[in-house]
Every structure is written in C-alpha cells, then in structure tokens.
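# Notes for the structure review
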Amino acid sequence: MTALTLTKVNKSFGSVHVLKDIDIEVEEGEFVVFVGPSGCGKSTLLRVIAGLEDASSGEIRIGDDQVNLTPPSKRGIAMVFQSYALYPHLNVRKNMTLALKQEKQSKEVIDARVEEASRMLDLGDYLDRFPSELSGGQRQRVAIGRAIVRQPKLFLFDEPLSNLDAALRMNTRIEIAALHRQLAASMIYVTHDQTEAMTLADKIVVLRDGRVEQIGSPMELYNNPANQFVAGFLGSPAMNFLPADLLAEGDMRTLGVRPEDLQLDDMGAFDAKVGHVEHLGGDTNVIANIGPHQVTARLFGQHDVSEGDEVKLGFAADKAYYFDKDGARLG
Ligand SMILES: Nc1ncnc2c1ncn2[C@@H]1O[C@H](COP(=O)(O)OP(=O)(O)OP(=O)(O)O)[C@@H](O)[C@H]1O
Ligand SMILES: [Mg+2]
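What counts and what doesn't
- Residues numbered from 1 in each chain as written.
- Chains lettered and ligands numbered in written order.
- Predicted model: local features only at pLDDT ≥ 70, side-chain atom pairs only at ≥ 80, totals over all residues.
- Heavy atoms only, no water.
- Phe/Tyr/Trp six-rings, centres within 6.5 Å; stacked < 30°, edge-to-face > 60°.
- Buried < 20%, exposed > 50% of the residue type's maximum accessible area, 1.4 Å probe, protein only.
- Salt bridge = Lys/Arg side-chain N within 4 Å of Asp/Glu carboxyl O.
- Helix = DSSP H or I, 4+ residues; strand = E, 2+ residues; numbered from the N terminus.
- Pairing = 2+ DSSP bridges.
- Contact = heavy atoms within 4.5 Å.
- Near = heavy atom within 4 Å.
- Polar contact = N/O pair within 3.5 Å; in protein donor to acceptor, adjacent residues only side chain to side chain.
- Areas by Shrake-Rupley, 256 points an atom, 1.4 Å probe, with all protein chains shown as cover.
- Nonpolar A, V, L, I, M, F, W, Y, C, P; charged D, E, K, R; others polar.

## Remarks on the packing of aromatic side chains
For the structure on display, the rule yields 6 aromatic pairs. Their ring planes at 10° and their centres at 6.1 Å tell us that F155 and F157 sit as a pair that is stacked. Neither residue differs from the other here; F155 and F157 are each classed as buried. Centroid distance F270 to F315: 6.0 Å. Interplanar angle 25°. Geometry classified as stacked.

Now the structure itself:
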C-alpha cells in the first residue's frame, strides 16, 4: 500500500512560491530521502506533510485518507528535528513519554514502549538524566526515541545528524538504517548531504528551487541522471563538466565525466596540469586543470603524481554524459 501520496502540492508564503506542483509517492516501509541545496524547500515540504503548515493547494494522502485538514497530532506522523527540540527541564524518560501521556496511554503501555525504544537506541542508562547531561549524539537518540514510542505510521527526519561530528554522523547513520529495518515503518529523511542520501535511501527525491527534479533509487539517479543538476548533485567528488567543444570544435554541448571515470591515460583526449593531489590511501584524487577548467580524477590505489606534473587524462566513450546549454540530458 502507499503510505503517503502528494499530488500537485503547492505552498506559498505571501508572494513567495516555495513548493511547486510536488508529486511524490512513498510506499509502505520505504525509506525516502529528500535531498537538495539549502533553501530548496525540504523543511517546508516536511512541515506540510506533518501538518505544521497548510498546503496552499494540492492533496496530501496518508494511506487512503486525505489529511489536508487533519491536525498534526491526528496524522500518525512523528517528526525528528535537527535541533532535537528536547524539553530541558524534563529527564530523558519524561521527554520520551510526554506525548504518550497526552494521548492518555496506560502506564503499562508507556513503560513497555520506553523500555523497547531505549533498548533499540541504547539509552537504558540515561533515562534519569537531563538533556544538558547528554552528548549531542545521545540527545539526538532521545529525539528519535521520542518519535519511536509513538509508533507512527510515518517518520519524518529533518537533517537529524547535521549537529553531529563526522564519526558520530556515520555511526548514527548506520543506526538509523538498522532502526528502519527493525521498525519496518515508512520514513522520510531530509538532508543536503548526498552521502547520507545515497547510503540510506530506497528512493531519493531531488529537489531544486521548490520543484522535484528527479525521483529514483540511488543507483538509478547516479547512473542515469535526468539533467545536469542531478548529475552534479549526487556523487562525491562531483561529476566533472567540460565544454564538449574541447573534443570536437563547434560542439555546443556540455560533457560530464565522473571522477572515477576520468583516468591517467597516455592516449587520453585531454592535456592537463596537476594542481593538487589528495592521497587518501585507498584512492588518489588528482585535481588538474584542462586549460581554464578544473577537473578531478579519482584513481584507485596509490599513485606517484605531484603538483605541477603534465599528464594526459582520458575516459571511455560509454562513460560520457552530455547536456544541452540549459542542463537537460542529451546522451
Ligand atoms: N515562514 C516563512 N515565510 C516566508 N518564507 C519562508 C518561510 N519558511 C521558509 N521560507 C522560505 O522558503 C524557502 C524554503 O525554505 P526551507 O526551510 O524549506 O528550505 P530547506 O530546503 O529546508 O533549506 P535548508 O537546507 O537550509 O534547511 C526559503 O527560501 C525560505 O526562505
Ligand atoms: Mg531545512
């Protein structure tokens, strides 16, 4: 069954048109990631789904029910924010149980759910502490626990990891993936981090300027981007873009080659000068200039390349992407 259906959803704040004809379906149990640059409307879209903002037009369905006029507390949704939004004067247990008490759940139900959530999230030792006595990662787990105890049909996460350091982000990312498997609930996860999007999602929705640019599995979007924006947004280091004119004079297209497809090659099409080398151990990133154009070649393994080296770079013809001047995909 479809867990969530958005049909032609628009949202304006006064004269500012923020969400434009959004059509998205989320299947039951699916992990969907909304990704896009800052200001593209990700948080606004989550807030419209949660009912914290009204849509200006369009339809929002949860399961079979149209919920445009349903208040947030009745939508069966729980939202986890970037800022945690914990109550500082309540301990962890009370932060997790507040919503259940408001729903007038019995003590047995409340205790059982807190027990289960704190086990899943490894919070058992912290239930009596206050938020100020927890690390950032622990606070974020409490915020997630507060969502879990409500047993929502749909979880909404708005950049839940962006306040964490790199190592903790990675751990928590893996925990969220495990949680999704255990709960088998539908989840929508907002991020502007393309690695999070690629690693967590069953399905990615790429947004730009309030519009859906493309929807698909991570590998569909990576291998078959609909346009230059999607091609450039997913993948790290990002896809290289060059005027196709460099290869065939008068060719007005833009050529796109992913860093892992651009390689040192004595027969390669491009003369390049190495500007910088990142030795990562397992990989080597060579940042080079082809005339005025900077490109990144990602080489597998370790290579003896240094700044100032003159090299030739090449790519296989079937690894090339082409875009028109407006960024539409040509081939
Ligand atoms: N209450 C509001 N009134 C007017 N404009 C708003 C309001 N809320 C958001 N906007 C505008 O809507 C656009 C989308 O904002 P939104 O917060 O949804 O972006 P976002 O994709 O979540 O960005 P970020 O990655 O920075 O969190 C922005 O241009 C923002 O200024
Ligand atoms: Mg946001």
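## Quick look at the pattern of salt bridges
Within this structure, the stated rule accounts for 15 salt bridges. As a salt-bridge pair, K8 and D23 come within 3.0 Å of each other at their nearest N and O atoms. In this pair, K8 sits in strand 1 (residues 2–13) while D23 sits in strand 2 (residues 16–27), placing the two residues 15 residues apart along the sequence. On the basis of relative accessibility, which here comes to 34%, the residue D23 falls in the partly exposed class. A salt bridge links D193 to R169, with the nearest nitrogen and oxygen atoms 3.2 Å apart. With a gap of 24 residues between them, D193 in the loop between strand 8 (186–191) and helix 6 (194–200) and R169 in helix 5 (residues 166–183) connect regions that are remote in the sequence. Salt bridges here are not isolated pairs; linked through shared partners, they connect K11, R47 and E53.

## Topic: the pairing of strand 11 (residues 240–243)
Where burial is concerned, the two faces of strand 11 differ: the one with N240 and L242 is buried and the one with F241 and P243 is not. Bridging between strand 11 and strand 12 (residues 254–257) involves 4 bridges; their strand directions are antiparallel. Residue pairing in the sheet places N240 in a bridge with V257 of strand 12.

## Description of the environment of L242
Within the element layout of this structure, L242 appears in strand 11. Residues L242 and Q294 lie 52 residues apart in sequence; the distance between their C-alpha atoms is 8.8 Å. The contact partners of L242, leaving out residues within four places of it in the chain, are R253, T254, L255, F270, I290, H293 and V295.

## Description of the environment of A184
Checked against the element boundaries, A184 lands in the loop between helix 5 and strand 8. With relative accessibility at 54%, the residue A184 sits in the exposed group. Sequence spacing of A184 and E30 is 154 residues, and the spatial spacing of their C-alpha atoms is 8.1 Å.

## Examining the site of ligand 1
Taken together, F13, V18, P37, S38, G39, C40, G41, K42, S43, T44, E159 and H192 make up the full set of residues near ligand 1. In the environment of ligand 1, an oxygen atom lies 2.8 Å from a nitrogen or oxygen atom belonging to the side chain of S43. Taking T44, its side chain carries an N or O atom lying 2.5 Å from an oxygen atom of ligand 1. Burial of ligand 1 by the protein amounts to 57% of the accessible area it has alone, namely 640 Å². Of the residues forming the shell around ligand 1, the biggest block, 3 residues, is contributed by helix 1 (residues 42–50). Residues belonging to the shell around ligand 1 are distributed by class as follows: 4 nonpolar, 6 polar and 2 charged.

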